[in-house]
Amino acid sequence: MTSTLLFFGFGLLSVLGALGLILFRHPMNGAMSFVVTLISLAGLYALLSAKLIFAIQLIVYAGAIMSLILFIIMFLNIQERDLPAEDGRWFYLAGGVAVIAPITILLLKAVKSLPGGDTVIVGGGFGGVKEVGVLLFREWLLPFEIVSILLLVALVGAVVLAGKREVKR
Amino acid sequence: MHDLMVIIPLIVVGAGAILLMLLASFQTLSKEALSILTMGIFGFAFFVQLAVSNSGDITPFNDIFNGMMVANTFTKFAGLIVLACGFFSTITAQTYFTQNEEFVLEFYSLMLFAVCGMLLLTLAAELMTVFIAIEIMSLAVYTLVGYDRKSVVRSEAVLKYLMLGAFAGAFFVMGTVFIYAGAKSTTFGTIAGVIAENGLVRSPTMVVGAFFILVALFFKAAAFPFHAWVVDVYDGAPLPVTGFMATAVKTAVFAVIVNFLVMNSELRDSWITFLFYISVITMLAGNLIALGQDNLKRMLAASGIVHTGYLIIAVAAVNAQEFTGGAILFYLAAYAVSTLGLFAALSYLGGKEEKRVSFDDFKGLAKVRPYSAAALSIFLLSMAGIPPTAGFMGKFYVITSAIEADLIFLAIFGIFSSILSMWYYLRLIIVMYFREPEDQFAIAEITFAPIGTIILAFSVFALSFFPVVL
Amino acid sequence: MEQTATYLAYIPLLPLGGALVLGILHLATCQQKKISEKVFGILGCIGPILSFLLALRVFFTLKGLAAEERILTQKLFTWFSVGELDVSMGFLADPLASLMLIFVTLIGSLIHIYSIGYMAKDRNFGKFFAYMNLFLGSMLVLVLGDGPVVMFVGWEGVGLCSYLLISYYSEDRDNVIAGNKAFIVNRIGDLGFVLGMSFLFWGIGADGFDFLSLRSNAHNLTPALGLTVCLLLFVGATGKSAQIPLYVWLPDAMAGPTPVSALIHAATMVTAGVYMVARFSFIYAHVPVAGSVVAWIGISTALLAAVFAMFQRDIKKILAYSTISQLGYMFAGVGVAAYSAGIFHVFTHAFFKALLFLGAGSVIYALHHQQDIWKMGGLREKMPVTYKTMLVGALALAGCPPFSGFFSKDEILYSALASGHYGIWLVGVGVAGLTAYYTFRMIFVVFHGRPRDREAYDHAHEPPKIMTVPLIILAVGSLFAGFLNLPGIFGGDLEVSQWLAPSLVEHHPHTSWFIELLAVLISIAAFALGFRAAYRKFGEGAREPSFTGFKQFGYRKFFVDEVYHYTLVVPYQLAGKVISYFIEPYVTDGPIKVAVWLYRMAGVVFKFVQVGYVRVYAIYMVIGLSIMSLLLAQSLNL
Amino acid sequence: MILNYLSLSVILFCLGILGVISRRNVFTVFMAIELMLNAANLAFVTLARLHESMDGHVLALMVMAVAAAEAALALAVVILLHKHKGKLDTNVFSLLKG
Amino acid sequence: MSDTILSLMIFAPLLAGLILLLVPAGKEAARGVGFVVSVIVVLLSLKLFFSFSGASGTFEFVQKVVLIESLGISYSLGVDGISLLVLMAAAALFPMVYLLFKSKEKGYYSNLLIVQGAMIGAICASDMVLFYIFWEVMLLPVFFMIGFYGGPNRLSATLKITIYTIAGSLLMLGSIAYLGVAYQAQTGEWSFDMAKLTQMSLAGSTATLAFFGFMIAFAIKIPLFPFHTWLPDAYTEAPTGTTFVLSAIMAKIGIYAVIRFVVPIFDEGMQNYALILAYAGVIGMIYCGVTALAQKDFKRMLAFSSASHMGVIAVGIFCMNLQALTGTLYQVVAHATSTGVLFLLLGIIEERMETRTIGDLGGIAYKAPVFAVFFAVAMLASVGLPGTSGFIGEFLIILGAVKFDITVAVLAGTALIVGVCYMLWMFQRVFFEKNNQKTEMFKDLSLIETLTILPVIILIIFMGIFPQPFIQKITPAAQRQLVQHQPAAGGTVVQLTGNGEPQISYNQEKD
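All figures in this text were calculated on a predicted structure; none of them were measured in a lab. (Residues numbered from 1 in each chain as written. Chains lettered and ligands numbered in written order. Predicted model: local features only at pLDDT ≥ 70, side-chain atom pairs only at ≥ 80, totals over all residues. Heavy atoms only, no water.)

*Asks:* Which residues make up the overall build of chain A, and what are the values?
*Replies:* When helices and strands are tallied, chain A shows six helices and zero strands. The order of α-helices and β-strands along chain A, N terminus first, is α-α-α-α-α-α. Taking 2.2 N^0.38 as the reference for a compact globule, 169 residues should give roughly 15 Å; the C-alpha atoms of chain A span a radius of gyration of 20 Å, well beyond that estimate. Principal-axis analysis of the C-alpha atoms places the extent of chain A at approximately 55 × 45 × 30 Å. Within chain A, residue pairs in contact and separated by at least 24 positions form 64% of the contacts whose partners lie at least 6 positions apart. Surface accessibility of chain A: about 7,900 Å² in total, with carbon and sulfur atoms responsible for 75%. In chain A, 12 positive and 9 negative side-chain charges are present, and the distance between their average locations comes to 4 Å. (Helix = DSSP H or I, 4+ residues; strand = E, 2+ residues; numbered from the N terminus. Rg over C-alpha atoms; globule rule 2.2 N^0.38 Å. Contact = heavy atoms within 4.5 Å. Areas by Shrake-Rupley, 256 points an atom, 1.4 Å probe, with all protein chains shown as cover. Lys, Arg positive; Asp, Glu negative; His and termini not counted. Charge placed at Lys NZ, Arg CZ, Asp CG, Glu CD.)

This is how it looks when you write it as structure tokens:
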């Protein structure tokens, strides 16, 4: 019962956060409300008894990535005049909703076709660090490895694109 | 041991990438040295790939990778094409950088990273792996597109590519979600098993998942209506990168499309109508976009869309039972050869800072540089599919396979679109040959690209008469 | 039954070879150094004369044989053989051919000789003789051809020569146009000939496509197909022999040199049609309907042309129309299945018409190319030989007994009467009267009375021997040729008809001598009337009448040429213009142009679609996605 | 209950799409894409719960890693663009068109 | 030798042309090379002609090298009676061009060489894919020749002919692919060998599509009404040598291809559409003939006349009987010689007078009798005068047409009239009438030029008088082409024999 209430609470929060992200004109506000979404998602993960993901969501996502984004926003110190004058925003939102509706319906229908199930907490370390870790290194070694390459590429890319050093001619 | 051999090219390229990255940070080597090193790495990987005979499906290091990587003849040749594209793009780049000041030492390392991602893509047999490989490839290419921080155009190209790419990536993930929902797993083997067991259509989640995945892949392959970015990005990207994207990325993406679709015949058959309309519209749109362009790179980008359309015909025509993606691979190879040739030629004809980009800049080229003009015409004719070039054979195989798969009208549409494509291919030839020259097409210094052009020009014919991949 | 004669081929080949030699010689010399006209003249005459001798040899060889064995053939080589169609280049000489041979070669030679004088000082003397030889050769091929196809070679060859010779004075546009007219009109006829041949082949040509085999298989020909063949072939004949409706070219053909008019457009070529019909008598005999069509067209042509001839003022035009009229007679003859009579008229007509033309030629020569009879007059004293010879010719033409024309024409009229074609007979008699009238109108106006053009008259003189001698020979011919085929009533028994009998399929209707006599008397009467009328009006040199009313109408040939021009030629040219300036660019090529334009426009439109705003591209993606997902939702019927 | 979780993730995903196509602010757009990825993560975790297998968690981890990488590059690009024009409006960057 | 002679004939000119393109050489040298090579080809072709038996009607001088066994594509050549005369035409006429036109650049001559090689290849290829390759390759030199050396608005002309033709041939490509697939479906093995494919007899909607794929491609090349609209521009803008190539030989390859591919394979298609196609032929003949009358430009007029003749020639194919088919095959050469000579002589006029407008000319016959005679002979041959090569073919075609369909026959017969109308009128305005100060200057043919053209003139007359040597080599193969094929049902046909019955009967068994 509490889990249901919590689900609806977190769900509402996350949706509100997402709406805020979409609707707020200043990216700072958007980012803030997006943090709300992330945190409420973390709560939902907890409800789904995914302990590790819950932690990582809080630490890495809400913590690291978002603070990085916020940092950049501040770093660029965006004034009102820098912001795009999005006059037709509401029109685009309305049109967007109309356009996206079919996709949503399709996805929802697809979801409906799945067998349901409840979400009582499964014990026995389901989603615990050890278990997930074991799984990660046993079953999912290859993706794990190549993710490292990916991060390397991102690193180099970031350096190349935003680095400050003078290029040798 | 054999398992190792199969993935050695992958390892070599990856290691090379990291090596070059480190070397770049020391800033000791000249860009020529880097380029030659890169060519060496590509060449070595190419020959290893060529040496390894992987007939049938072999899953290297099955106990560790759990069949998330599958190699077979198809992947072998796809990898070969990718590596060749890398090699010739490096040649093009080397020449390009003799005429364009802006350069970063990480360039070649990023190129190697991209190729590494592509090789992964050809091999990957698991959706998340595919996604990560796509991301490796894409991130590297994004950076290659925008390495030149001084130019707004490059940055704009990165913005468009990165934003839409990430957008499409999200769709891919969502597709994975639904596949996972339906099949409880993301490895191709299991998915195929599940479909074979209890039909695709009876689990809508799988259909939707496959749909989203295809959408994401078609975005990378620039099929209508996900094509819009291509023209701008190719235009904005530096010339060698454009060539690289046009050939290597397309090859890798189609490799994965084919891998994904042929894992189960029902999966493929259920998408044939989808593929039918997509390819028809793609060819049409590509032709119409290409027709209006005055900028050579944009025209080539648009014609790339058309070729995507052809490739989708071939994809629709492959049959999963005795699958040899021969037609697709040959078409990819032929297209890659002629495109790379064009870009190699443009890289030294383009002049300083890509000053010659539009059709009219090449007025009377034939009078000043007959051989280059001849080479360009050969490549264009190959793209247009005029015999005896490789492009013709590719088109012939595609049409034949379409008819064989009883997709008569698809074949007819393909023919019509190649009729439509005549206009803009012939246009450049006419400009080069029948107009009076205005500038002298001076070339900075002696470079690799002319040689590369000649090699490619010959391989255009060689490929058509000795179709190795078939 | 037939025998092979190895010398047949030389008859046409000699003139043809002569033509080749003369032609090359002319080409070689026409630019710089001239060689004397004598060389050309002699070279030009050798061929015809030799082939005349050969023709005689043929004649006597045949005469030496039994009546039904009088066939000489020579098969040179297989021309082309495709499947059951097997055409050999071969020649066939039978009584019919031999008769034609003799007078063709004889008159041909005479006219060649005459031309030496007439064409003197012509800058293309050699060319002229080359053409003439070429013509004679083709004519002989036509006569000797052993099958329709070989015959067609000659048939078209003579057409070509007549074109070349009509447009001989080619600086003058009208002459060339006249030549074109002749060739094109002939071609219309030839179309009929070709189609006729084709039908004939698919009918009975399968085993052997030469006259002999065709003749032996003729009975297999089914009536309807037979009719088709006959009519189509007759279309060819009307073209070549200037019958309604294709006669219009012949008067214009007088633009050529007078010897040409004499040889080609009076004596030989124009009679080819008659000869062809006689050749195919074995088909026509089976199809009476076709026969009467031929007869009626022939006789009405005769009438029409005679009427035209009454009002002409150009001496050659008068003769031209009289030629048409006489050809009409011949067709009437062959039409009523009196083939021998028709051929005999061909024979006699050749003499007197050639004579008349050559006479007219010498008049024209004397008056320095003055052709308008109303500018002549009283030439009797100035050129007596010409006058006398032409008088003979005129009498023959007008059908005055005992001149040759009388007998041949009378034979035709009699056969018409006897075979029950009374209408044809009646018209024929009328035409005979008209003939007498216009002939003597010409004679009187030209030779009698007082000169109308003084100084031309003063310069007039008798032409040289080389021109008068042929006249005399021909005069003799036209005087006595008639006696070769005397009908029974005059104590003869139609030798020529009997001579021709083996190669024709005809039956002589037998009627009482009274009818025969009646016919003779009536035709004589017709002549007398016509002559009298002419004498009344022009006997003592009339002054030029005013061409008004019906005269004008007749002088302008009932405006037939104009009608043809505005109903056929103008529309044709108009069609050409319309197609090339409207239909070709806008209709035929239109769809393609439109398609290309649409394609281009679509390209322009798509340039605007590439707006360059990244968000818009994202919107494209999503719109496409949502449409697809709509379809997907439907197909999954979720 | 599970289905509600999935429906939630679908809704978040679509809100992400909406954000991408309706906003011109580079930051917002990128965060919207992040939102889509998170929606996917939620679905992964839910499905893991549904299938009682932890593969979903691993997949979610991978997606997070990829998201981080993309974010790094994206922010670099943002800085680059800001250097050029001092604006974050995507419509400012439309030199390439036609 | 006997199995490589064809390859020699193909690749001697082809390689010579390519090498000329690549190496720097003066135009005189290029012309010399071109002349020598073309003469070599002529000699080879003569050797081939006289050692060709043709009795069996099958391929001779066969050479076969497998290229791609996975699809059964092979480099295989061969000549039979169908292709022999076309091959002769393609081989024999070329030296004239090199001798007559001196003032051209290197590229011109090398392109001529290449196009000759490609055309001979297309004629000799007995593998469909190989045929297609040569078929396309022979277009490219034309594209460049018109584009480089053509008249004022050459670009549009060359673009038009190229895209038009390529459009057609791409459709053919689809049809070829279909044939291969169909053969694979029937026999289980891949092959594009004509000998094997022609064994098939296809029916059904897809076969009809393929039939039209072929027919459109060839109809554009021939060109058949209404696909002729590229022709006037191309012929007019092209330099004379190219026009000669296009009109004299390339169009004939279209005819040849129809006989080779369409007739034996697509029985049903021929059954249903022969009549329509025959009508297209005759209508095109009349249409172009009438149009030619109105042309002011000499070359354009000849272009239309050429198109008009091709119409008649095409009729012969669709009549589907031996006489007509033989006539067509014979007319191919006859027309090649006559039209070729006409265009070449026109080229000479153009070179000397700097004008092609008929109105500006006149009285040439007096200044240049030899020239005039040659022109006249060629002209008479092209209007089908007996005694010239033109007559035999035309007569056979009309003869066959009569059996096939009377209306078609009559219309085809009008070719006799239509031709002379424009030809004679042109002849009058160009060669007769009075000189103007321009034509006063006209020089007659030099000795070399005379000797160059004389052989062809002699050939024209020889072929008119002794056609049998050629025909007897054709007929067996023509017979073979027809055996699979029961005569197509025309509208009205003539029952051959059968007494008394109404024998011009409408037969309705259309299927």
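Picking up after the structure, the text goes on.
*Asks:* Residue-level account of the overall build of chain B, with values.
*Replies:* Of the regular secondary structure elements, chain B holds 20 helices and zero strands. Taking 470 residues into account, the globule formula puts the C-alpha radius of gyration at 23 Å, and chain B, at 21 Å, falls close to it. With respect to the three principal axes, the spread of C-alpha positions in chain B is 65 × 55 × 40 Å. Buried positions account for 74% of the 470 residues belonging to chain B. Of the contacts made within chain B by residues no fewer than 6 positions apart, 81% connect residues no fewer than 24 positions apart. Side chains of chain B carry 22 positive and 28 negative charges; the gap between the two charge centres is 6 Å. (Buried < 20%, exposed > 50% of the residue type's maximum accessible area, 1.4 Å probe, protein only.)

*Asks:* Tell me what's going on with the packing of helix 11 (residues 272-279) of chain C against helix 15 (residues 339-366) of chain C, and back it up with residues and numbers.
*Replies:* Residue and element names in this part refer to chain C. Orientation of helix 11 relative to helix 15, taken along the N-to-C sense of each, is 155°, at an axis distance of 10 Å. The orientation of helix 11 with respect to helix 15, classified from their angle, is roughly antiparallel. Crossing handedness for the pair helix 11 and helix 15: left-handed. Where helix 11 abuts helix 15, its residues Val-274, Tyr-275, Val-277 and Ala-278 lie against Tyr-339, Ile-343 and Val-346. Taken together, the residues of the contact of helix 11 with helix 15 sort by class into seven nonpolar, no polar and no charged. (Axes fitted to C-alpha atoms, helices over the stretch in contact; angles between N-to-C directions. Parallel < 35°, antiparallel > 145°, perpendicular 65-115°, else oblique. Left-handed = near helix turned anticlockwise from the far one by under 90°. Nonpolar A, V, L, I, M, F, W, Y, C, P; charged D, E, K, R; others polar.)

*Asks:* Summarise the pairing of strand 2 (residues 72-82) of chain C; cite the residues concerned and give the values.
*Replies:* All names here are of chain C. With two bridges joining them, strand 1 (residues 3-4) and strand 2 adopt parallel strand pairing. Within strand 2, the residue paired with Thr-4 across the bridge is Thr-73. Note: strand 2 against strand 3 (residues 85-93), nine bridges, orientation antiparallel. If you follow Phe-77 over to strand 3, its bridge partner there is Met-89. The hairpin turn running from strand 2 into strand 3, its antiparallel successor, is two residues long, and Gly-83 in that turn takes a positive phi close to 60°. (Pairing = 2+ DSSP bridges.)

*Asks:* Which residues make up the environment of Arg380(C), and what are the values?
*Replies:* Residue and element names in this part refer to chain C. Here Arg-380 is to be found in helix 16 (residues 379-382). The spatial distance from the C-alpha of Arg-380 to the C-alpha of Phe-344 is 31 Å, given a sequence separation of 36 residues. Look past the residues within four positions of Arg-380 in its chain and what remains in contact with it is Tyr-387, Phe-447 and His-448.

*Asks:* Run through helix 2 (residues 27-50) of chain E, naming residues and quoting values.
*Replies:* Between the first and last C-alpha of helix 2 of chain E there are 34 Å, a value that for 24 residues agrees with the 34 Å anticipated at 1.5 Å per step. Those residues of helix 2 of chain E that sit buried are Ala30(E), Arg31(E), Gly34(E), Val37(E), Ser38(E), Val41(E), Val42(E), Leu44(E), Ser45(E), Leu48(E) and Phe49(E). (Expected span 1.5 Å × (residues − 1).)

*Asks:* Describe the interface of chain D and chain A, with residues and values.
*Replies:* Tallying the contact residues gives 66 residues for chain D and 83 residues for chain A. Taken over both partners, the interface formed by chain D and chain A buries close to 6,600 Å², and the fraction arising from carbon and sulfur atoms is 80%. Counting across the chain D and chain A interface gives zero salt bridges. Where chain D meets chain A, there are eight residue pairs in polar contact (both at pLDDT 80 or more). Among the elements of the structure, helix 1 (2-22), helix 2 (26-51) and helix 3 (55-85) of chain D are those that each provide at least two residues to the side of chain D that touches chain A. No other element matches helix 3 of chain D, which puts 23 residues into the side of chain D that touches chain A. For the side of chain D that touches chain A, the residue count by class is 44 nonpolar, 13 polar and nine charged. (Buried area = accessible area lost by both parts, 1.4 Å probe. Salt bridge = Lys/Arg side-chain N within 4 Å of Asp/Glu carboxyl O. Polar contact = N/O pair within 3.5 Å; in protein donor to acceptor, adjacent residues only side chain to side chain.)

*Asks:* Tell me about the interface of chain C and chain B, and name the residues and values.
*Replies:* Taken together, the contact pairs 22 residues of chain C with 34 residues of chain B. Summed over both partners, the interface of chain C with chain B comes to about 2,600 Å²; 82% of that surface belongs to carbon and sulfur atoms. Taken together, chain C and chain B are joined by zero salt bridges. Seen at the junction of chain C and chain B, the total is five residue pairs in polar contact (both at pLDDT 80 or more). At the level of elements, helix 26 (590-609) and helix 27 (614-635) of chain C are the ones that each hand at least two residues to the side of chain C that touches chain B. It is helix 27 of chain C that contributes the most residues to the side of chain C that touches chain B, 11 residues altogether. Residues that form the side of chain C that touches chain B fall into these classes: 15 nonpolar, five polar and two charged.

*Asks:* Requested: an account of the pairing of strand 2 (residues 73-79) of chain E, with residues and values cited.
*Replies:* Residues and elements named next belong to chain E. Most of strand 2 sits out of view: seven of its seven residues are buried. Alternating residues of strand 2 divide into Ile-73, Tyr-75, Leu-77 and Val-79 and Ser-74, Ser-76 and Gly-78, and every residue in both groups is buried. The pairing of strand 1 (residues 60-68) with strand 2 spans six bridges and is classified as antiparallel. Note that in strand 2 the partner of Val-65 across the bridge is Tyr-75. Connecting strand 1 to the next strand, strand 2, in antiparallel fashion are four residues, including Gly-72 with a positive phi near 65°.

*Asks:* Describe the nonpolar core, naming the residues involved and giving the relevant values.
*Replies:* Buried together is how nonpolar side chains tend to be arranged in soluble globular proteins. In this structure, Phe107(B), Trp271(B), Phe396(B), Phe27(D), Phe218(E) and Phe318(E) are the most contacted members of the largest nonpolar core, which totals 806 residues. The contacts of Phe396(B), once residues within four sequence positions are left out, are Leu71(E), Ile73(E), Val129(E), Leu173(E), Ile176(E), Ala177(E) and Phe192(E). (Core = buried A, V, L, I, M, F, W, Y, C linked by side-chain atoms within 4.5 Å.)

*Asks:* Can you explain the pattern of salt bridges? Please cite residues and give values.
*Replies:* Residue and element names in this part refer to chain B. Tallying each qualifying case throughout the model produces 33 salt bridges over all chains. Put simply, Asp-235 and Arg-298 hold a salt bridge, and the shortest N to O gap is 2.8 Å. With Asp-235 in helix 10 (residues 228-236) and Arg-298 in helix 14 (residues 296-317), the pair connects residues that are 63 residues apart, well separated along the chain. Residue classification places Asp-235 among the buried positions, given a relative accessible area of 14%. Residue classification places Arg-298 among the buried residues on the basis of a relative accessible area of 3%.

*Asks:* With reference to specific residues and values, describe the sheet that holds strand 1 of chain C.
*Replies:* What the three strands build is an open sheet, ordered 1-2-3 (chain C); its pairing is mixed. Edge strands, defined here as strands with exactly one partner in the open sheet, are strand 1 and strand 3 of chain C.

*Asks:* Residue-level account of helix 2 of chain D, with values.
*Replies:* Residue and element names in this part refer to chain D. Spanning 26 residues, helix 2 covers 38 Å between terminal C-alpha atoms, matching the ideal 38 Å at 1.5 Å per step. Burial runs high along helix 2: 26 of the 26 residues are buried. Sitting at the amino-terminal end of helix 2 is Asn-25, which places a side-chain oxygen 2.9 Å from the backbone nitrogen of Phe-27. Immediately downstream of helix 2, the backbone of Glu-52 shows phi near 55°, a positive value.

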